[in-house]
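Tertiary structure, described
Take a look at the letters that make up each chain.
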Amino acid sequence: MHEARIRTPGLRRFTPLFFTGFLFALFTALSSFYNASLLANRGASAEQIGVVYLTASLVAIVLFFALPAALERFGNRVLTICAGCSMALSVFALIFTRDPFISTLLLALFLALQMNTYSLLDIFLERTVGTNEAVTGRVRGLFLAIANSAFIVAPFFAGLLIARGSFELLYICVTGAIVAFTTAVFFSSRHFTDPKYPHVHFVTLWHALTQSSFLRNALSIQLLLRFLYAVTMVYMIVYFHSVLGLSLSLIGAIVSIGLIPFLLVQLPLGLLGDRKLPQRQLLCAGFFIVGITTITFVLVPPHAPILLALVYFISNIGAAIIEVLSEIYFFTHVRGNNDVEIAAFRILTPFSYLLAPLCGTLILMFAPLSTIFFFLGFLMFIGIPLAYRIR
């Protein structure tokens, strides 16, 4: 009891940040699984959808390297609020256009801003944790678990909105969630003080990677996981809908059921984050589970949605283990002033969304859509030796 009384106040100050993270995850979860379906609905092929994500990732990477100068001039609070307003406007404009070209431009802008907003949100989190590394594991674990809880309900709700209304109705809700997120940032960050923002260049990042085996292993594990997420976001719903012929409302239910492990697994692991855990063994198990189940995706017959939901559920047990333990491992070994390492960690999301459509487009030139998941499943097994090397 005494230990609980000591810990609770320490975590209570993170409540506004946890709530803001939840709202960010909410608008991300509402839109992410259906952005590709929206483009397909407006006439885009799987290859063209890949190009949209590729363009968004390139823009996001350019913006990422421009962030330090912008942060130095305007501060993280102003930039996050401006990014929120810009995302809301781009999504709101998306509602009123049916033109395929304008739709792709607006969606690419939204995706690029979304990727960088996550980095800005992470600055709030890292700054709030400060030098108190004793709570890093619990705070990051809880932040992930609370944020990912939005992914359990949102995809099902989004699928119903599309099935019973339209894509336009869904993106009205997305706009509302972005406005709520931006409002939360405005009120919760009034007393935020900006740290000194270093200017990190690509050459600096590359040099750090070549010099540090810890950084190579930790970032390779994270890159594999984010590549998995990127492929899932770009191609999974298109595969379920176009190849398997499932309705979007049913797909929403499958996705919501499949994402439950992110709450069931990450909440207890987050609470235990700063204690001694068999990280190496759990990470190896996580990659094995993800690899096997991703390959199994394409073996599930079209008229077996319950089996598909079960496979996706089991797959995300592995993904949830990898996500929370790899973040805890990275941030308990990297201090807040290790600017190059943190910059490398933050650029992984746009980089993964650059790689995913590139690989997907190459595969689709010679093979059907299902081949992407075979490739992805076997790729996940590379994470096992990487995880085994961590110390």
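Conventions used here
Residues numbered from 1 in each chain as written. Predicted model: local features only at pLDDT ≥ 70, side-chain atom pairs only at ≥ 80, totals over all residues. Heavy atoms only, no water. Helix = DSSP H or I, 4+ residues; strand = E, 2+ residues; numbered from the N terminus. Rg over C-alpha atoms; globule rule 2.2 N^0.38 Å. Contact = heavy atoms within 4.5 Å. Areas by Shrake-Rupley, 256 points an atom, 1.4 Å probe, with all protein chains shown as cover. Lys, Arg positive; Asp, Glu negative; His and termini not counted. Charge placed at Lys NZ, Arg CZ, Asp CG, Glu CD. Core = buried A, V, L, I, M, F, W, Y, C linked by side-chain atoms within 4.5 Å. Buried < 20%, exposed > 50% of the residue type's maximum accessible area, 1.4 Å probe, protein only. Phe/Tyr/Trp six-rings, centres within 6.5 Å; stacked < 30°, edge-to-face > 60°. Lys NZ or Arg CZ within 6 Å of the ring centre and 35° of its normal. Expected span 1.5 Å × (residues − 1). Salt bridge = Lys/Arg side-chain N within 4 Å of Asp/Glu carboxyl O. pLDDT = per-residue confidence, 0-100. Axes fitted to C-alpha atoms, helices over the stretch in contact; angles between N-to-C directions. Parallel < 35°, antiparallel > 145°, perpendicular 65-115°, else oblique. Left-handed = near helix turned anticlockwise from the far one by under 90°. Nonpolar A, V, L, I, M, F, W, Y, C, P; charged D, E, K, R; others polar.

1. Focus on the overall build of the protein
Counting its regular elements, the protein contains 18 helices and 0 strands. Its C-alpha radius of gyration of 20 Å places the protein within 12% of the 21 Å reference for a compact globule of 391 residues. Put simply, of all contacts in the protein between residues at least 6 apart along the chain, 86% involve residues at least 24 apart. Of the roughly 16500 Å² that the protein leaves accessible, carbon and sulfur atoms contribute 71%. Side-chain charges in the protein split into 23 positive and 14 negative, and the spacing between the mean points of these groups amounts to 7 Å.

2. Description of the nonpolar core
With 142 residues, the main nonpolar core has Phe-27, Phe-33, Leu-170, Tyr-171, Met-236 and Phe-240 as its most contacted residues. Here the element with the most residues in this core is helix H10 (residues 213–243); it accounts for 18 residues. For Phe-33, the residues in contact, after removing those within four places along its chain, are Phe-151, Pro-155, Thr-232, Met-233, Met-236, Ile-237, Val-255, Leu-259 and Tyr-312.

3. Digging into the packing of aromatic side chains
Throughout the structure, instances matching the rule amount to 24 aromatic pairs. An angle of 50 degrees between the planes, with centres 6.4 Å apart, marks the rings of Phe-27 and Phe-110 as tilted. With a gap of 83 residues between them, Phe-27 in helix H2 (residues 15–32) and Phe-110 in helix H6 (residues 100–129) connect regions that are remote in the sequence. Phe-110 gets classed as buried once you look at its relative accessible area, which sits at 1%. Site record: aromatic cluster; members linked through ring pairs are Phe-24, Phe-27, Phe-110, Tyr-118 and Phe-181. The ring of Phe-345 is capped by Arg-226, whose NZ or CZ atom sits 4.6 Å from the centre of that ring.

4. Things to note about H2
For H2, spanning 18 residues, the distance from its first C-alpha to its last is 25 Å, which sits close to the expected 26 Å at 1.5 Å a residue. The buried fraction of H2 is high, at 13 of 18 residues.

5. Considering the pattern of salt bridges
Applying the stated criterion across every chain, the model contains 3 salt bridges. Residues Glu-168 and Arg-42 are paired through a salt bridge, measuring 3.0 Å at the closest nitrogen-oxygen approach. Of this pair, Glu-168 sits in helix H8 (residues 167–188) while Arg-42 is found in the loop between helix H3 (35–41) and helix H4 (46–74), placing the two residues 126 residues apart along the sequence. In this structure, Glu-168 and Arg-98 form a salt bridge, with 3.1 Å as the shortest nitrogen-oxygen distance. Of the two residues, Glu-168 sits in helix H8 while Arg-98 sits in the loop between helix H5 (76–95) and H6, which places them 70 residues apart along the sequence. Each of Arg-42, Arg-98 and Glu-168 takes part in a single network of salt bridges with overlapping partners.

6. Some words on the confidence of the model for the protein
Overall, the prediction assigns the protein a mean pLDDT of 86, with 92% of residues at 70 or greater. Predicted confidence is poor over residues 1–9, with pLDDT under 50, and the contacts of this stretch with residues over four places away or in other chains come to 3 contacts.

7. A look at H8
For H8, which comprises 22 residues, the first-to-last C-alpha distance of 31 Å matches the rise-based estimate of 32 Å (1.5 Å per residue) to within 8%. Turning to H8, its buried residues number three or more, namely Phe-167, Glu-168, Leu-170, Tyr-171, Val-174, Thr-175, Ala-177, Ile-178, Phe-181, Thr-182, Ala-184 and Val-185.

8. Structural notes on the packing of H10 against helix H17 (residues 371–380)
As a packed pair, H10 and H17 sit with axes 11 Å apart at the nearest point and diverge in direction by 160 degrees. The angle between the axes of H10 and H17 places the two elements in the roughly antiparallel class. For the pair H10 and H17, the sense of crossing is left-handed. Seen from H10, the contacting residues are Leu-224, Phe-227, Leu-228, Val-231, Tyr-235, Met-236 and Tyr-239; seen from H17, they are Ile-372, Phe-373, Phe-375, Leu-376, Leu-379 and Met-380. For the contact of H10 with H17, a count of residues per class yields 13 nonpolar, no polar and no charged.

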